[in-house]
Amino acid sequence: MDPVVIPILVAAIVVLFLVAATVRIVPQARRYNIERFGRYQRTLQPGLNFVVPVADRVNTKLDVREQVYSSDPKPVITEDNLVVNIDTVLYYQITDPRAAAYEVADYLQAIDQLTVTTLRNLIGSMDLEETLTSREEINARLRTVLDDATGKWGIRVNRVEIKAIDPPHSIQEAMEKQMRAERDKRAAILHAEGERQAKILTAEGTKQKDILEAQGTQQAMILRADGEAKAVELVFQAVHRNNADSKVLAYKYLETLPHLARSDNNTFWVIPGELTEAMRTVTSAFGDRSTTGLPGSAQPEEATAGDADGVSDEGGSPELETGSPLSLDAATAADEVAQQAAAVVSDAKAEAEAAGAPQVPGRGQNSSD
């Protein structure tokens, strides 16, 4: 080999080594800390960078992206002397690569230990119930403490979350029993409320039913009374429109008397004082009283005279009582009066037929049958 070629090759190799030692390519979201003769010189940014060969070297390579660190469960004692295991999740980001490399030896371990001590301080002032229901408060206070402590380390704590709080097994069983009891209590309360509402609705329905039935009965009675009033009014108008005389009215009066005595609840029956007068009016309608006379009139007059003792001084209607001469019960008295009225009407019709007078229709014959 030519002796001149060997030095050239050696020089080329040395140049390539120097170039390789001088050029540093830093990836995106990375930071390189450069030391010159063991002292921090600068931090290389992403891209192409040049350093002094042999004198400069890369000490640490750091990732400045936001990172997640999940710690192991740590035992913490509450205010009521219960040991609970708490897992935390930490979201952090390196903001100063120089401080992260030179201000703390291991920033992850430092953050972990600081999280444990802060949690023990916070949970130590709370009981178990408050610890389980105050996660947001614990997260906020823990983040504030960690952010203040890690600021000088070139690290920003963005978020701290409690992943799990695990009480002892016996406490978990007691909590389950308490929860079951609370649910049974709520179920019993809801059941009682349902029964109460059902009874209230039933009572209201019964009340509305009674009210509607009473209103219906009231309306029916009102309509019935209106109908009876209209019927009486129509009868009254018909009587006056046809100009009925006292003879027809007296006949209808006698015709109605048997119906007054047909009730089963009558204990006594009152004979009106104008009964004989009504009989005379009917008989005079079928013949001349002066010439023919009133057959059978002696009996009503005698009955009337015999009953005069039962008439009060004030002119009231005589009564057929138990101690009177007509000591009959109500039904017998009613039948006798009906027979007397029928007999009077029959005699009047017979005299009218004999005299050739027109016959007045009525129900006397039917009542005598």
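Preceding this paragraph is the structure being described.
The written sequence of each chain sets the order in which its residues are numbered from 1. Note on the predicted model: pLDDT of at least 70 is required for a residue's local features to be given, and 80 or more for side-chain atom pairs to be given and counted; whole-chain, interface and lining totals, by contrast, use all residues. Excluding hydrogens and water, the side-chain values take into account all heavy atoms of the structure.

The subject of this paragraph is the overall build of the protein chain. Here a strand is any run of E in DSSP of at least two residues, a helix any run of H or I of at least four, and the numbering for each starts at the N terminus. Counting its secondary structure elements, the protein chain contains 12 helices and 11 strands. When a residue's accessible area, from a 1.4 Å probe over protein chains only, is under 20% of the maximum for its type it is buried; when over 50% it is exposed; and in between it is partly exposed. Per-residue burial for the protein chain yields a buried fraction of 28% across its 369 residues. By definition, residues are in contact when any of their heavy atoms lie within 4.5 Å. If you take every contact in the protein chain between residues at least 6 apart in sequence, the share linking residues at least 24 apart comes to 63%. The method behind every accessible area is Shrake-Rupley, applied with a 1.4 Å probe, and residues are considered shielded solely by the protein chains displayed. If you sum the accessible surface of the protein chain, you get close to 24100 Å²; carbon and sulfur atoms cover 55% of it.

Let us now look at the sheet that holds strand β5 (residues 56-63). Pairing in this open sheet of 3 strands is antiparallel, and the strands run β3-β2-β5 from one edge to the other. In this open sheet, the two strands that pair with only one neighbour each are β3 (39-44) and β5. When strand polarity is set aside, the average angle formed by the axes of neighbouring strands in this sheet is 25 degrees. Any two strands with at least two DSSP bridges between them are considered paired. Bridge count between strand β2 (residues 30-36) and β3: 5 bridges; the pairing is antiparallel. In the sheet register, Tyr 32 faces β3, and the bridge partner there is Leu 44. To obtain an axis, a line is fitted to C-alpha atoms, over the contacting stretch when the element is a helix, and the angle between two such axes runs from 0 to 180 degrees between their N-to-C directions.

Moving on: the side chain of Arg 31. Of note, Arg 31 is situated in strand β2. N or O atoms closer than or at 3.5 Å make up a polar contact, with two conditions inside protein: a donor-capable atom paired with an acceptor-capable one, and, for residues adjacent in sequence, both atoms drawn from side chains. Polar contacts involving the side chain of Arg 31 include one to the side chain of Gln 45, which spans 3.2 Å. With residues near it in sequence (within four places) discarded, Arg 31 still touches Thr 43, Leu 44, Gln 45, Pro 46, Thr 60, Lys 61, Leu 62, Val 64 and Pro 97.

Take the nonpolar core next. Counting residues in hydrophobic clusters, the biggest one holds 29 residues, and the most contacted among them are Ile 86, Leu 90, Ile 138, Leu 146 and Ile 155. Mapped onto this core, the elements with two or more residues apiece are β8 (83-94), α3 (107-123), α5 (135-150) and β9 (155-166). Here this core takes 7 residues from α3, the largest share from any one element. If sequence neighbours within four positions are ignored, Ile 155 has contacts with Tyr 92, Gln 93, Ile 94, Thr 95, Tyr 107, Ile 111 and Thr 150. Among buried residues, those of type Ala, Val, Leu, Ile, Met, Phe, Trp, Tyr and Cys that are joined through side-chain atoms within 4.5 Å constitute a nonpolar core. In terms of nonpolar packing, the next biggest core, distinct from the first, is built from 5 residues, Tyr 32, Ile 34, Leu 44 and Val 51 among them.

We now examine the packing of aromatic side chains. Any pair of Phe, Tyr and Trp rings, taking the six-membered ring for Trp, is counted once the centres come within 6.5 Å. Such a pair is stacked with planes under 30 degrees apart, edge-to-face with planes over 60 apart, and tilted for the rest. As enumerated under the stated definition, the model contains 2 aromatic pairs in all. Look at Tyr 40 and Tyr 102: their rings are 5.5 Å apart centre to centre, the planes differ by 65 degrees, and that puts the pair in the edge-to-face class. Of this pair, Tyr 40 sits in strand β3 while Tyr 102 is found in helix α2 (residues 97-102), placing the two residues 62 residues apart along the sequence. Tyr 40 gets classed as partly exposed once you look at its relative accessible area, which sits at 28%. Seen from their ring centres, Tyr 92 and Tyr 107 are 6.0 Å apart, and the 65 degrees between their planes marks the pair as edge-to-face. In this pair, Tyr 92 is assigned in strand β8 and Tyr 107 in helix α3, connecting sequence segments 15 residues apart.

Look at α3 against α5: their axes get within 10 Å of each other, and the N-to-C directions meet at 140 degrees. As far as their axial angle goes, α5 and α3 are oblique. The chirality of how α3 crosses α5 is right-handed. On α5, the residues that touch Ile 111, Leu 114, Thr 115, Thr 118, Leu 119, Leu 122 and Ile 123 of α3 are Ile 138, Arg 141, Leu 142, Val 145, Leu 146, Ala 149 and Thr 150. Basically, the charged four are Asp, Glu, Lys and Arg, the nonpolar ten are Ala, Val, Leu, Ile, Met, Phe, Trp, Tyr, Cys and Pro, and anything else, Gly included, counts as polar. Residues that form the contact of α3 with α5 fall into these classes: 10 nonpolar, 3 polar and 1 charged. Throughout, the term roughly parallel applies to angles under 35 degrees, roughly antiparallel to angles over 145, roughly perpendicular to angles from 65 to 115, and oblique to all others. Handedness of a helix crossing follows the sense of rotation of the near helix relative to the far helix, less than a right angle counterclockwise being left-handed and clockwise being right-handed.

A word on the side chain of Glu 35. Secondary-structure assignment places Glu 35 in strand β2. Within polar-contact distance, the side chain of Glu 35 engages the side chain of Tyr 102 at 2.8 Å. Dropping the residues within four chain positions of it, Glu 35 is found in contact with Tyr 40, Gln 41, Ala 55, Asp 56, Arg 57, Asn 59 and Tyr 102.

All right, on to a positive patch on the surface then. Patch construction takes residues with relative accessible area above 30% that form no salt bridge. Like charges are linked within 9 Å, and nonpolar side chains (Val, Leu, Ile, Met, Phe, Trp, Tyr) are linked within 5 Å. Salt bridges, as used here, are contacts in which a Lys or Arg side-chain nitrogen is within 4 Å of a carboxyl oxygen on Asp or Glu. Within this scheme the basic residues Lys and Arg register as positive and the acidic residues Asp and Glu register as negative, but His and the chain ends are omitted. Where a charge lies is defined by one atom per residue type: Lys uses NZ, Arg uses CZ, Asp uses CG and Glu uses CD. Residues Lys 177, Arg 180, Arg 183 and Arg 186 make up a contiguous surface patch of positive charge. Inspection of the secondary structure assignment puts Arg 180 in helix α6 (residues 169-242).

Pairing of side chains with opposite charge becomes possible as their charged atoms draw close. Scanning all chains against the criterion turns up 9 salt bridges. In this structure, the salt-bridge partner of Arg 57 is Glu 35, at a minimum N-O distance of 3.0 Å. Placement of Arg 57 in strand β5 and of Glu 35 in strand β2 is noted, with a sequence separation of 22 residues between them. Residue Arg 57 is classed as partly exposed on the basis of its relative accessible area of 46%. Residue classification places Glu 35 among the buried residues on the basis of a relative accessible area of 6%. Two residues, Arg 196 and Glu 193, come together in a salt bridge whose shortest N-O distance is 3.7 Å. Here Arg 196 pairs with Glu 193, and both are found in helix α6, just 3 residues apart, close to one helical turn. Of the residues examined, Glu 193 reaches a relative accessible area of 38% and is grouped as partly exposed. Among the charged side chains, a salt-bridge network with shared partners connects Arg 30, Asp 63 and Arg 65.

Expected span of a helix, by definition, is 1.5 Å for each gap between consecutive residues, and there is one gap fewer than residues. In this model, α3 (17 residues) spans 24 Å end to end at C-alpha, consistent with the 24 Å of a helix rising 1.5 Å per residue. Turning to α3, its buried residues number three or more, namely Tyr 107, Ala 110, Ile 111, Asp 112, Leu 114, Thr 115, Val 116, Thr 118, Leu 119, Leu 122 and Ile 123.

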